[in-house]
Amino acid sequence: QAIDDDCNQTGQILAAMLDWPQGTFASRVELEDGAVRVQREVDGGLETLRLRLPAVLTADLRLNEPRYATLPNIMKAKKKPLELLAAAELGVPAGPARLKVLQVQEPPPRGAGERVDSVGSLLGKLRHAGCV
Amino acid sequence: AMAWRAAPRAAARLLLGRRRIASCIDPSTGLTEDQKEFQKVALDFAAKEMAPYMAEWDEKEIFPVETMRKAAQLGFGGIYVKPDVGGSGLSRLDTSIIFEALSTGCTSTTAYMSIHNMCVWMIDTFGNEEQRRRFCPSLCSMEKFASYCLTEPGSGSDAASLLTSAQKKGDTYVLNGSKAFISGGGDTDVYVVMCRTGGPGPKGISCLVLEKGMPGLSFGKKEKKVGWNSQPTRAVIFEDCVVPVENRLGAEGQGFSIAMQGLNGGRINIASCSLGAAHASVLLAQEHLTVRKQFGEPLANNQYLQFRLAEMATRLVAARLMVRNAARALQEGREDAAVLCSMAKLFATDECFGICNQALQMHGGYGYLKDYAVQQFVRDIRVHQILEGTNEVMRMIVARNLLQG
């Protein structure tokens, strides 16, 4: 789930295209012989998977502590060459070729609320709406 | 015991968190993209590696060797030293920005690092190729630490009257005398010592590099200080201490000039450390004023305190401009650089002490407790008005420039 678009798709789609196992939201990675043990951050806590290699992993922020940039590296960064590539050079067709827009709709407008005059009638209405 | 750890972490959170609004005291205004990157690394390092420990280092008098070595790995061990011997080759202004940022984490440790940097620069600039290659790489990495030895029990402000003698004997010098108030003394490895090889006055002084372990080199007791407790301060004693001629920086009689040129940069660095402490203190005061309530309101609603805070901020920015202006002049080698460095050191150290002191006052009784970081900034920067040339000597230098220059 990258911080630019929050899509939570790139790693998963790549794994599906390659037909490789995936370990997403990795907070700990341990290499074994021909496999990798991945601890994942999931809603319910931590899940550990053992994946045969090759596999696709995506990193969670808890995987590592970012290094400090060193002063010499900061100065070198300015001098690194910036190579511009055109999409066509990489054989990538222009535009979202694999996506087709089926429908675009707004969420339903928020309806007006309803005032009730007693706790009894509130309970009655909630039961009627199937909420209780 | 957990309480005294909380306050520096609170300061660290403030330093890292307050990026949303461009405030009037933002230290990154007017900087180039590169300088902002240097500042960011230094601020991050200060907040994560220094601020959480500054109280403990002060209370237990710990010289944080491993933390300083981590800083050296980032390039902070020889910031304005040439890259061919391991330095970072940055400008005096870049250096000022970095020390100002590091100082927000621990002023005392940053001040020692600035002294170390000054010593490495002296060897880099005035040493011959053999000396540069022998000493600078291990100093830039902080595998070894350095001390600057000028002051003696009998000569502080009147530095040129120093008495430590260095008698030429064959291809060695034999040193006798002692130095006082040496930062890092006893714990550091390399000593840049100003001593008398010739007649009286500045022209009889030379600069020798000594190493711990040389016979005849010993140290006094560790001094107990009001602040700067994360660096040991000791007398350095020479008793028939034999030093090879190969350890002399520059020519005989050049030592005083080398010492003074080192101090020009040192004065900017010390002033920069004061700026960092003052900046951190203003943030602490700002936070306290919004949180603390009396008479039914946050202190921040009180006009007197609002005006006080505004004055503190204004003086901080003025001091910062003085220091950065002097740094630029020194970098460009301008004729007025030395006197500007003196003015900047005088102004910034005085103003910033006032700012930290006001910040302490704004904390009320809590400001006097060691659980709160503001008192340590006050104690640590008090000495900046005294060392590297007292603020009285700074006035002498400025007056001389006006009346004789």
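Residues numbered from 1 in each chain as written. Chains lettered and ligands numbered in written order. Predicted model: local features only at pLDDT ≥ 70, side-chain atom pairs only at ≥ 80, totals over all residues. Heavy atoms only, no water.

Q: Would you mind going over the domain arrangement of chain B with me for this structure?
A: For interface size, the figure often reported is the accessible area lost on association. Residue and element names in this part refer to chain B. Along its sequence, chain B is organised into domain 1 (33-141), domain 2 (146-252) and domain 3 (256-404). The straight-line distance from the C-alpha centre of domain 1 to that of domain 3 is 20 Å. On the domain 3 side, the residues contacting the 25 residues of domain 1 number 32 residues. The junction of domain 1 with domain 3 conceals about 2,300 Å² of combined surface from both sides, 63% of it contributed by carbon and sulfur atoms. Inspection of the region where domain 1 meets domain 3 yields 3 salt bridges. For Asp 58, the salt bridge goes to Arg 379, with nearest N and O atoms at 2.8 Å. Between domain 1 and domain 3 we count 8 residue pairs in polar contact (both at pLDDT 80 or more) in total. Broken down by secondary-structure element, the contributors of at least two residues to the side of domain 1 that touches domain 3 are helix H3 (54-60), helix H5 (92-103) and helix H6 (107-126). In the side of domain 1 that touches domain 3, the residues fall into 12 nonpolar, 10 polar and 3 charged. (Domains from an automatic or database assignment. Contact = heavy atoms within 4.5 Å. Buried area = accessible area lost by both parts, 1.4 Å probe. Salt bridge = Lys/Arg side-chain N within 4 Å of Asp/Glu carboxyl O. Polar contact = N/O pair within 3.5 Å; in protein donor to acceptor, adjacent residues only side chain to side chain. Helix = DSSP H or I, 4+ residues; strand = E, 2+ residues; numbered from the N terminus. Nonpolar A, V, L, I, M, F, W, Y, C, P; charged D, E, K, R; others polar.)

Q: In this structure, what is going on with the packing of aromatic side chains? I would like to understand it.
A: For any pair of aromatic rings, the description consists of the separation of the ring centres together with the inter-plane angle of the planes. Residue and element names in this part refer to chain B. Scanning all chains against the criterion turns up 10 aromatic pairs over all chains. Between Phe 45 and Phe 76 the ring centres are 6.4 Å apart and the planes differ by 80 degrees, which places this aromatic pair in the edge-to-face class. Of the two residues, Phe 45 is situated in helix H2 (residues 33-50) and Phe 76 in helix H4 (residues 65-76); the sequence distance between them amounts to 31 residues. Summarising the aromatic geometry, the rings of Tyr 191 and Phe 219 are spaced 5.4 Å apart at their centres and angled 35 degrees between planes, so their arrangement reads as tilted. One end of the pair, Tyr 191, is in strand S4 (residues 190-196); the other, Phe 219, is in strand S6 (residues 217-219), and 28 residues separate them in sequence. (Phe/Tyr/Trp six-rings, centres within 6.5 Å; stacked < 30°, edge-to-face > 60°.)

Q: What is the right way to read H6 of chain B from this model?
A: Because each turn of an α-helix spans 3.6 residues, side chains separated by three or four positions end up pointing in the same direction. Taking 1.5 Å of rise per residue, 20 residues should cover 28 Å, and H6 of chain B covers 28 Å from first to last C-alpha, within 8% of that figure. In terms of burial, H6 of chain B is largely enclosed, as 19 of its 20 residues are buried. (Expected span 1.5 Å × (residues − 1). Buried < 20%, exposed > 50% of the residue type's maximum accessible area, 1.4 Å probe, protein only.)

Q: Whenever I open this one, the pairing of strand S5 (residues 205-211) of chain B confuses me. Can you help?
A: Within a regular strand, side chains alternate between the sheet's two faces. Residues and elements named next belong to chain B. Summarising burial for S5: 6 of the 7 residues are buried, a large majority. Where S4 lies against S5, 7 bridges are found, and the strand directions are antiparallel. Bridge pairing in S5 links Tyr 191 to Leu 210. Strand direction decides the pairing type here: S5 and strand S8 (residues 248-249), joined by 2 bridges, are antiparallel. Each residue of the ladder has a partner; that of Cys 207, found in S8, is Leu 249. (Pairing = 2+ DSSP bridges.)

Q: Hey, could you run me through the interface of chain A and chain B in this one?
A: Opposite the 8 residues of chain A that make contact, chain B presents 15 residues. Taken together, both faces of the contact between chain A and chain B bury some 1,000 Å²; the carbon and sulfur share is 71%. It is Tyr 68, Leu 71 and Ile 74 of chain A in chain A that bury the most area against chain B; as a group they hold 64% of the surface buried on that side. Summed over the shared surface of chain A and chain B, the number is 1 salt bridge. Among the residues making up the side of chain A that touches chain B, the classes are represented as 6 nonpolar, 1 polar and 1 charged.

Q: Before we go on, may I ask you to explain the sheet that holds strand S4 (residues 56-59) of chain A in this structure?
A: Working definition: the strands of a sheet are paired by backbone hydrogen bonds and lie parallel or antiparallel to each other. All names here are of chain A. On the basis of which strands lie adjacent, the open sheet formed by 4 strands has the order S3-S2-S1-S4 and mixed pairing. For this open sheet the edge positions go to strand S3 (45-52) and S4, each flanked by a neighbour on one side alone. On average, adjacent strands in this sheet sit at an angle of 45 degrees to one another, irrespective of strand direction. Lying on the sheet, helix H1 (residues 10-18) is in contact with strand S1 (22-32) and S4; it crosses S4 at an angle near 175 degrees. (Axes fitted to C-alpha atoms, helices over the stretch in contact; angles between N-to-C directions.)

Q: Got a minute to help me understand the pattern of salt bridges in this structure?
A: Between side chains of opposite charge, a pair can form as their charged atoms come close. Applying the stated criterion to the full structure yields 31 salt bridges over all chains. In this structure, Glu 41 of chain A and Arg 62 of chain A form a salt bridge, with 3.5 Å as the shortest nitrogen-oxygen distance. Taken together, the residues Glu 41 of chain A in strand S2 (residues 35-42) and Arg 62 of chain A in the loop between S4 and helix H2 (71-79) connect sequence positions 21 residues apart. Because the salt bridges share partners, they merge into one network encompassing Lys 82, Asp 84, Asp 124, Glu 129, Arg 132 and Arg 133 of chain B.

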